[in-house]
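Structural overview for review
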Amino acid sequence: MRKYILHNKRICLGIMLLGLLFLVAAPTYAAEEKEPIDVKEAVLGHMSDAYDWHITTWNGHHVSIPLPVIVKSQRDGKWYTFCSSRFGHDGKEVYQGFYIDPERQGKIYEEGFETRPWDISITKDVVQIWINIFILLAIFITCARWYKKRKPQDGAPGGFVGMIEVLVMSINDDLIKASIGEKHYRRYAPYLLTVFFFILVTNLMGLIPIFPGGANVTGNITITFLFATITFLFINIFGNREYWKEIFWPDVPVWMKCPVPLMPVIELFGIFTKPFALMVRLFANMLAGHAIILSLTCVIFITFQVNALVGTSLSAVSFVMILFMDLLELLVAFIQAYVFTMLSAVFIGMSLPEHHHKD
Amino acid sequence: MQNMPSILTPDFGLLFWMLLAFLVVLFVLAKFAFPAITSAVEERKRFIDESLQHAREANEKLATIQAQSETLLREAREQQAQILKEAKQTGENIIAEARAKAQAEGAKDLAAAKAQIAVETENALHDIRSQVAELSLQIAEKVVRTQLGEDKAQQAYIERLLAEQERQS
């Protein structure tokens, strides 16, 4: 009990020291930043994809990692590849007729054309994806090598490989096998396992505030759209005869399906709402987590604009809340990966109903 | 669409790179990583099951062997007892037989001796009788010489008297 109080005291002391730090830093910050902070812009800007990887702004200069831009011109039909630093240090310059339009989602447009050029630039999110993939491959190749060198008689792995094994086997057995069934699950297991670990690693990397993490990848609808689409294809390509029969000729009174195909229409909608729910759930959850953390961070800067005292006191509160949110997001990162995999497995399992007779 | 935040609108470039990246990672993990882990775990499970099965079989075998050895031991003990009993019996039989034989032999010897004695006695008696008869005759001759002559009829008469005497005794 005594130890606990001591521990608490230490935390309080830490928060107070942190506040003091803000107090010292505040005048410098107030001096350099004159214009009021646009919270919406700051939060959305941090969550959006970008052509460069912004790290910090120091004395009015943006410190960022420039990334390659790859666009196909509508003018001459050629592919242009150049560094995103060509757009100038605040991204407002025009290079070879291309410019970043802040009014239209900050995407690249071409002078004289209203439509977007073909754009497969290596953006911040793309780099983050490749970093995540590198991490995934490193983890699993390390594990696979461990197994390659050993026989079953050599016993079970411990430490990191053991942890990964437990995770893989629990997803494989308790989630995929349980939802899809012993008979068919092998066809889907690699995809679902990959999705789980990809989402998990991406979510966790998204929580790291600086390079090589921090890009909001799973909170981007493009990514969840892709996963939902692949799951949709798995469901509908490998769905068996019973599955299609339940859509077009379900076990309901005939008047509900014969003159007006009421139930078939509803079931047909169901085909699309299931993956849509998958897409939106993951996207919205990750987006919300990022948005809350970023908003709480913005509180620090806004309150310092009022005055140093308010700033210091509210920053301490904000800091505690950010800490709480970060811990919560750590949990959410796992839960969302788990839920996405589980629901995908459940939907796939529903597309493989066993033939049953009417009682 | 363009007024919405960019995270809400699917972007072709990101989709393209994401699909590529995902296919790469799916290919590598599905080919090299997950099967290695799951098959290793399954093999380990099979190995453990087999080991348990073997242990159970070995235990059963051990129990059978123990039971067999106990039976064998018991049988051996029984046989030992049996053999000892038989040996004792045989010994007793031999002794009894020997005794019986010795008795029979002794009885036979005794009988022979008795028969011999009887024959000897007979002979002796015969001798004595003839001698007595001779002696009596001589005595009687000497006595009667004077009165009687040596007569054959008289001698036969005396013989007959002697035989009667003998029968009476």
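Everything quoted here is computed from the prediction, not taken from an experiment. (Residues numbered from 1 in each chain as written. Chains lettered and ligands numbered in written order. Predicted model: local features only at pLDDT ≥ 70, side-chain atom pairs only at ≥ 80, totals over all residues. Heavy atoms only, no water.)

Describing the side chain of Ser73(A)
Residue and element names in this part refer to chain A. Selection rule: Numbering of helices and strands runs from the N terminus; a helix is a DSSP stretch of H or I covering at least four residues, while a strand is a stretch of E covering at least two. Nitrogen and oxygen atoms within 3.5 Å of one another constitute a polar contact, given that in protein one can donate a hydrogen and the other can accept it, and given that sequence-neighbouring residues count only through two side-chain atoms. The criterion used for residue contact is that any of the two residues' heavy atoms lie within 4.5 Å.
With respect to the secondary-structure elements, Ser73 resides in the loop between strand 3 (68-72) and strand 4 (79-83). One polar contact links Ser73 to Glu110, side chain to side chain, over a distance of 2.5 Å. Excluding its chain neighbours within four sequence positions, the residues that come into contact with Ser73 are Lys78, Tyr80, Phe98 and Glu110.

Describing the sheet that holds strand 4 of chain A
Strands pair in a sheet through their backbones, by hydrogen bonds, and they do so in one of two ways: parallel or antiparallel. Rules: One requirement defines pairing of two strands: DSSP has to find at least two bridges between them.
Pairing is antiparallel in the open sheet, where three strands are placed in the order 4-3-7 (chain A). Taken across any chain shown, the strands that pair with only one partner, and hence form the sheet edges, are strand 4 and strand 7 (118-119) of chain A.

What to know about the packing of helix 3 (residues 124-148) of chain A against helix 5 (residues 185-207) of chain A
All names here are of chain A. Worth spelling out the cut-off: Axis angles are defined between N-to-C directions and span 0 to 180 degrees, where every axis is a line fitted to C-alpha atoms and, for a helix, only to the segment in contact. To sort the angles, those under 35 degrees are grouped as roughly parallel, those over 145 as roughly antiparallel, those from 65 to 115 as roughly perpendicular, and the leftovers as oblique. For a crossing to be left-handed, the near helix must be turned anticlockwise from the far one by less than a right angle; the clockwise case is right-handed. We call Asp, Glu, Lys and Arg charged. Ala, Val, Leu, Ile, Met, Phe, Trp, Tyr, Cys and Pro are nonpolar, and the rest, Gly among them, are polar.
Interaxial distance between helix 3 and helix 5 falls to 10 Å at its minimum, and their mutual angle equals 120°. Classified by the interaxial angle, the pair formed by helix 3 and helix 5 is oblique. Crossing of helix 3 against helix 5: the hand is right-handed. Contacts between helix 3 and helix 5 involve Gln128, Ile129, Ile131, Asn132, Ile133, Ile135, Leu136 and Phe140 from the former and Phe197, Phe198, Val201, Thr202 and Met205 from the latter. Of the residues in the contact of helix 3 with helix 5, the class split is 10 nonpolar, three polar and no charged.

Some points on the pattern of salt bridges
In plain terms, the rule: A pairing counts as a salt bridge when a side-chain nitrogen of Lys or Arg comes within 4 Å of a carboxyl oxygen of Asp or Glu. Using a 1.4 Å probe on the protein chains alone, a residue whose accessible area is under 20% of its type maximum counts as buried, one over 50% counts as exposed, and one in between counts as partly exposed.
Per the stated rule, a full pass over the model turns up 11 salt bridges over all chains. One salt bridge connects Arg44(B) with Glu165(A), and the closest N-O pair in it is separated by 3.0 Å. Taken together, the residues span two chains, with Arg44(B) in helix 1 (residues 12-147) and Glu165(A) in helix 4 (residues 159-180). The salt bridge involving Arg129(B) is made with Glu166(B); its shortest N-O contact spans 1.4 Å. Remark: Glu166(B) occurs in helix 2 (residues 152-168) and Arg129(B) occurs in helix 1; sequence separation between them is 37 residues. Take Glu166(B): its relative accessible area is 31%, and that puts it in the partly exposed class. Three or more residues joined by partner-sharing salt bridges are found here, namely Lys107(A), Arg116(A), Asp119(A) and Asp11(B).

A look at the domain arrangement of chain A
A common way to express how large an interface is: the accessible area buried when the components associate. What counts is decided by this rule: Throughout the structure description, domain borders are defined by an automatic or database domain assignment.
When its domains are assigned, chain A resolves into domain 1 (54-119) and domain 2 (124-350). Centre-to-centre, using C-alpha coordinates, domain 1 of chain A lies 31 Å away from domain 2 of chain A.

Here we look at a nonpolar patch on the surface
The criterion, for reference: Like charges are joined within 9 Å and nonpolar side chains (Val, Leu, Ile, Met, Phe, Trp, Tyr) within 5 Å, but only among residues with over 30% relative accessible area and no salt bridge; these make up the patches. Computed with a 1.4 Å probe, the accessible areas rest on the Shrake-Rupley method; for each residue, only the protein chains presented here act as cover.
Where nonpolar side chains cluster on the molecular surface, the patch consists of Trp79(A), Trp118(A), Trp130(A), Phe12(B), Phe16(B), Leu20(B) and Val24(B) and spans about 680 Å² of accessible area. Among the elements that make up the nonpolar patch, the one with the highest residue count is helix 1 of chain B (four residues). Its location among the elements puts Val24(B) in helix 1.

Observations concerning a positive patch on the surface
Residue and element names in this part refer to chain A. Using the following cut-off: For the purpose of charge, His is not counted, nor are the chain termini; Lys and Arg are scored as positive and Asp and Glu as negative. By convention, charge coordinates are those of NZ in Lys, CZ in Arg, CG in Asp, or CD in Glu.
A grouping of Arg145, Lys148, Lys149 and Arg150 is seen on the molecular surface, where their side chains present a positively charged patch. Looking at where Lys149 falls in the secondary structure, it is placed in the loop between helix 3 and helix 4. Looking at Lys149, the relative accessible area reads 62%, which means it is exposed.

Some remarks on the packing of aromatic side chains
All names here are of chain A. Heads up, the condition is: Each pair of aromatic rings taken from Phe, Tyr and Trp, with Trp reduced to its six-membered ring, is defined by centres within 6.5 Å and is described as stacked if the planes are under 30 degrees apart, edge-to-face if over 60, and tilted in the remaining cases. Here, a charge over a ring is recorded when the distance from Lys NZ or Arg CZ to the ring centre is within 6 Å and its angle to the ring normal is within 35 degrees.
Evaluation of the coordinates by the stated rule reveals 26 aromatic pairs over all chains. Residues Phe232 and Phe272 carry aromatic rings whose centres are separated by 5.4 Å and whose planes lie at 25° to one another, so their mutual orientation is stacked. Taken together, the positions of Phe232 in helix 6 (residues 221-238) and Phe272 in helix 8 (residues 262-306) put the pair 40 residues apart, joining distant regions of the chain. A cation sits over an aromatic face here: Arg104 above Tyr109, 3.8 Å from the ring centre. The cationic tip of Arg116 hangs over the ring face of Tyr109; the distance from NZ or CZ to the ring centre is 5.9 Å.

Side note on the pairing of strand 5 (residues 98-101) of chain A
All names here are of chain A. With four bridges connecting them, strand 5 and strand 6 (residues 107-110) associate as antiparallel partners. Counted as the bridge partner of Asp101 is Lys107 from strand 6. Linking strand 5 to strand 6, which pair antiparallel, is a turn of five residues; within it Gln105 sits at a positive phi near 60°.

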